[in-house]
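Survey of secondary and tertiary structure
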Amino acid sequence: FATLNYRDDLVMKRINRQALARLGEFEAQSLANLSWSMATMRFKDDVLMHHVAKESMCKMHNFSAQHVANTAWAYATLGRRAGSLFTALEGRAVELLGDESVDFCPLDLALCAWAFAWLDHAGPNAPLLQGIARTALRRMPEFSTQQLANMLWGFDHANYRDNGFYVELARWCCSRPLSFWNRANGEEMVSIMTALKPYAAGQQGWTDLEQLFSSTVIQPLGVFLRQETTSEGYSQGLRRMRTYHAGALYSSWLFKSLGVAYIGDADDARTRPSVDELVDFYLLPPEPRWLPDGYEDDDVQANRAEIPSLLELLDVKRRVQPSSHFIALHLSASLELATCDGEEDSSSSSQQIRICRVVPTRPPRKSGLSFVRGEKFEERDNSGDEDGVLRTSKLRDYNRKHHAEVTALTQVAEAIEALASSATSSETPLAERVTGWVELFVPHYPCSSCTGALVQFTERYPRIEVRIGHDDWRHWVRRLTERWDPADVRHHGLSINARQLRDLDQDLGSAIPEAYKAALRSTLGDAALSMLPSDSSGGVTDVAARRNGAGGHSAQAATQGVVENGAHVQTNGYPDPALQAPPRGPAAAPKRQSFY
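Residues numbered from 1 in each chain as written. Predicted model: local features only at pLDDT ≥ 70, side-chain atom pairs only at ≥ 80, totals over all residues. Heavy atoms only, no water.

Here we take up the overall build of the chain. When helices and strands are tallied, the chain shows 26 helices and nine strands. Buried positions account for 53% of the 596 residues belonging to the chain. Summarising the internal contacts of the chain: among those between residues at least 6 apart in sequence, 74% fall at separations of at least 24. Total accessible area on the chain is roughly 26,800 Å²; 48% of this is exposed by carbon and sulfur atoms. (Helix = DSSP H or I, 4+ residues; strand = E, 2+ residues; numbered from the N terminus. Buried < 20%, exposed > 50% of the residue type's maximum accessible area, 1.4 Å probe, protein only. Contact = heavy atoms within 4.5 Å. Areas by Shrake-Rupley, 256 points an atom, 1.4 Å probe, with all protein chains shown as cover.)

Next up, the structure:
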């Protein structure tokens, strides 16, 4: 099914039920193939992947280079940190890399570098990255542009520092003919150029390569974002270009070509006030609350509740690139609207407004999504902003209309419209009467869709100067980690999914919590729950016990519950499915409702 790109959720659930009951019979190849297929189809079954990890650790000594690479890629793609599994995979990979008779091909090298870096499992001095670097230099002529891009992306985001390695790679890249680079898409070129730029200064041919990159990737993207096109044509065009962003080091090039002022990264003096306020915002403990009447855009506590706690951001779901709902940006603006024509008293003929707030990503209001015969089935977008102020694009199967940049610019546009509606009428168009500046600082560089929103805003209000600064999420995580106190229990609140992943990944030798099984009843069905392996079921047992030839031990089940945030929660941290909170009412427009 994965090879044919054919996904049917009902069939997959039935297959998974059978696989769970027979994992003990799976060899290394079968386990790797099963992981790969789940990730290829983006089919998330945490219970199955939990037990595949346990069984893989038992049979790690039989894993080949391909098995290691495919398994690591699968778990990274599905966002499963699985620390114990990745430790075992790293050990096996280092062992295989040290054996010159093992065929660690470029694809396997690229997948391992990408996967371990994506989940922040590989540090700057990791033996795994050192082994990959040595092997890669020997096999550079065999690399495709995609494999080179994925490997360099991993090294860059793991903060791997080996000048000799990067200089040698930069020299090799600069010597490639034009036909080699013609096979690379925009995303691949961005990854390659971003990783090599800090080390390639003065390298013969580097200036020519940057000019090629600018003329084939940056400039075409800028030209397209300035074009007038339909919403559907806009999305199709961006997907066809496959340039989803300009990266941490080249976004400033793109902004310059679009007439958007770039004010620097988080270390720039111009961004320091915004950075400090944004860090303080993230350090606020989230207190999710039900606000039946919605909340105002300046409600700091309600805005903070839209993004996860620091335990979830920096530990349970830690990664070097953020999910969109991890992002909140700092917005500041000073706007003036001329309200009358030809009046001598300028103070009475204009209205001013200043904005200074943190804007979180607006949660997408989407219904459930399933696949039947490889096609998305019954997908409904319930966001309520289909006719929004700014056009956005759906990239990599994700809508971008809820991103923080779009939300912030929409809030500014709404503030301008509110000023205009309260002012006296004027024959001069609104776009010519409003002046000032808008400044955004984002913890991560904007995607192409959000950059397009910036362009649309500047065209809508040509007399407003738009300025933007951004950090790189991996560096932003470091800033938060330096300030965060892990012992602060106010940041220990987790979403239901994060709790389940934490409990599953913390100890691969424990049985699945009963509350987690109950939460999966709607996914796997009642019949499948009885087939789930447990310590006494004869299925997959504790990893350490398996290695010693003995059975596992059973986990304690919690029987008492407490009330947490208005919901009945068992003492093991899982919501009690028998006691649900009362249904929530709709939010009153134009206030936004917290759904996190």
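Resuming the write-up.
Our next topic: the packing of helix α12 (residues 206-225) against helix α14 (residues 247-258). At their nearest, the axes of α12 and α14 sit 10 Å apart, and the two run at 50° to each other. Relative to α14, α12 is oriented oblique. Crossing geometry of α12 relative to α14 is assigned as right-handed. On α14, the residues touching Trp206, Glu210, Phe213, Ser214, Ile218, Leu221, Gly222 and Leu225 of α12 are Tyr250, Trp253, Leu254, Ser257 and Leu258. Of the residues assigned to the contact of α12 with α14, the class counts are nine nonpolar, three polar and one charged. (Axes fitted to C-alpha atoms, helices over the stretch in contact; angles between N-to-C directions. Parallel < 35°, antiparallel > 145°, perpendicular 65-115°, else oblique. Left-handed = near helix turned anticlockwise from the far one by under 90°. Nonpolar A, V, L, I, M, F, W, Y, C, P; charged D, E, K, R; others polar.)

The next thing to look at is the pairing of strand β2 (residues 328-338). For β2, the tally of buried residues reaches nine of eleven residues, placing the bulk of the element in the interior. As paired elements, β2 and strand β3 (residues 350-360) share eleven bridges and run antiparallel to each other. Looking at the pairing, Glu336 lines up with Gln352 of β3. Sheet analysis places β2 next to strand β6 (residues 434-442), joined by eight bridges and oriented antiparallel. (Pairing = 2+ DSSP bridges.)

On to the sheet that holds strand β7 (residues 464-470), then. The strand order β1-β7-β6-β2-β3 describes an open sheet built from five strands, whose pairing is mixed. Looking along the sheet, the strands with just one partner apiece sit at the ends: β1 (261-264) and β3. Adjacent strand axes in the sheet meet at a mean angle of 15°, parallel and antiparallel pairs treated alike. Against the sheet, α14 touches β1 and β7, its axis set at about 170° to β7.

Core analysis: the biggest nonpolar cluster contains 160 residues, and Leu148, Met151, Phe155, Tyr282 and Val438 have the highest contact counts within it. The biggest single contributor to this core is helix α6 (residues 106-118), with ten residues. Here Tyr282 is in contact with Arg304, Ile307, Leu310, Leu313, Phe326, Ile327, Ala328, Pro443, Trp473, Trp476, Leu480 and His491, once residues within four sequence places are set aside. (Core = buried A, V, L, I, M, F, W, Y, C linked by side-chain atoms within 4.5 Å.)

Below, the discussion takes up the pattern of salt bridges. Across all of its chains, the model carries 24 salt bridges by this definition. Residue Arg460 pairs with Glu417 through a salt bridge whose shortest N-O separation is 3.8 Å. Taken together, the residues Arg460 in helix α20 (residues 448-460) and Glu417 in helix α18 (residues 404-422) connect sequence positions 43 residues apart. Looking at Arg460, the relative accessible area reads 35%, which means it is partly exposed. For Glu465, the salt bridge is made with Arg467, and the minimal N-O distance between the two is 3.1 Å. A single network of salt bridges, built from pairs that share partners, joins Asp103, Arg139 and Glu142. (Salt bridge = Lys/Arg side-chain N within 4 Å of Asp/Glu carboxyl O.)

Position of Cys174 among the secondary structure elements: in helix α9 (residues 163-174). C-alpha separation for the pair Cys174 and Asp208, spaced 34 residues apart in sequence, amounts to 8.2 Å. Look past the residues within four positions of Cys174 in its chain and what remains in contact with it is Gln203, Gln204, Gly205, Trp206 and Leu209.

The next point concerns unusual backbone geometry. You will see that Ala82, though not glycine, has its phi angle at about 40°, which is positive. Mapped onto the secondary structure, Ala82 falls in the loop between α4 (65-77) and α5 (83-97). With a phi angle near 60°, Asn159 is a residue other than glycine that sits in the positive phi range. Looking at the secondary structure, you find Asn159 in the loop between α8 (145-157) and α9. Classification of Asn159 by relative accessible area gives partly exposed; the value is 25%.

Our focus in this paragraph is helix α1 (residues 9-21). Here α1 spans 19 Å end to end across 13 residues, near enough to the 18 Å set by a 1.5 Å rise per residue. Those residues of α1 that sit buried are Asp9, Met12, Asn16, Ala19 and Leu20. End-on, the buried residues of α1 take up no more than an arc of 95°, which puts them together on one face. Residues of α1 that are exposed and point over 90 degrees away from its buried face: Leu10 and Arg14. (Expected span 1.5 Å × (residues − 1). Arc of directions from axis to C-beta.)

To describe a pair of aromatic rings, one takes the distance between the centres and the angle between the planes. One pass over the full model with this rule turns up 22 aromatic pairs. A centroid spacing of 5.1 Å and a plane angle of 85° characterise the contact between Phe86 and Phe116, whose relative ring orientation is edge-to-face. You can see Phe86 sitting in helix α5 and its partner Phe116 sitting in helix α6, a full 30 residues away along the chain. Residue Phe86 is classed as buried on the basis of its relative accessible area of 1%. Ring centres of Phe165 and Tyr166 lie 5.4 Å apart, and the angle between their planes is 65°; this geometry places the pair in the edge-to-face category. By relative accessible area, which is 2% here, Phe165 ends up buried. The structure contains a cluster of three or more aromatic residues connected by ring pairs, namely Phe281, Tyr282, Phe326, Phe441, Trp473 and Trp476. (Phe/Tyr/Trp six-rings, centres within 6.5 Å; stacked < 30°, edge-to-face > 60°.)

In short, the description is geometric, and any link to function would need to be established separately.
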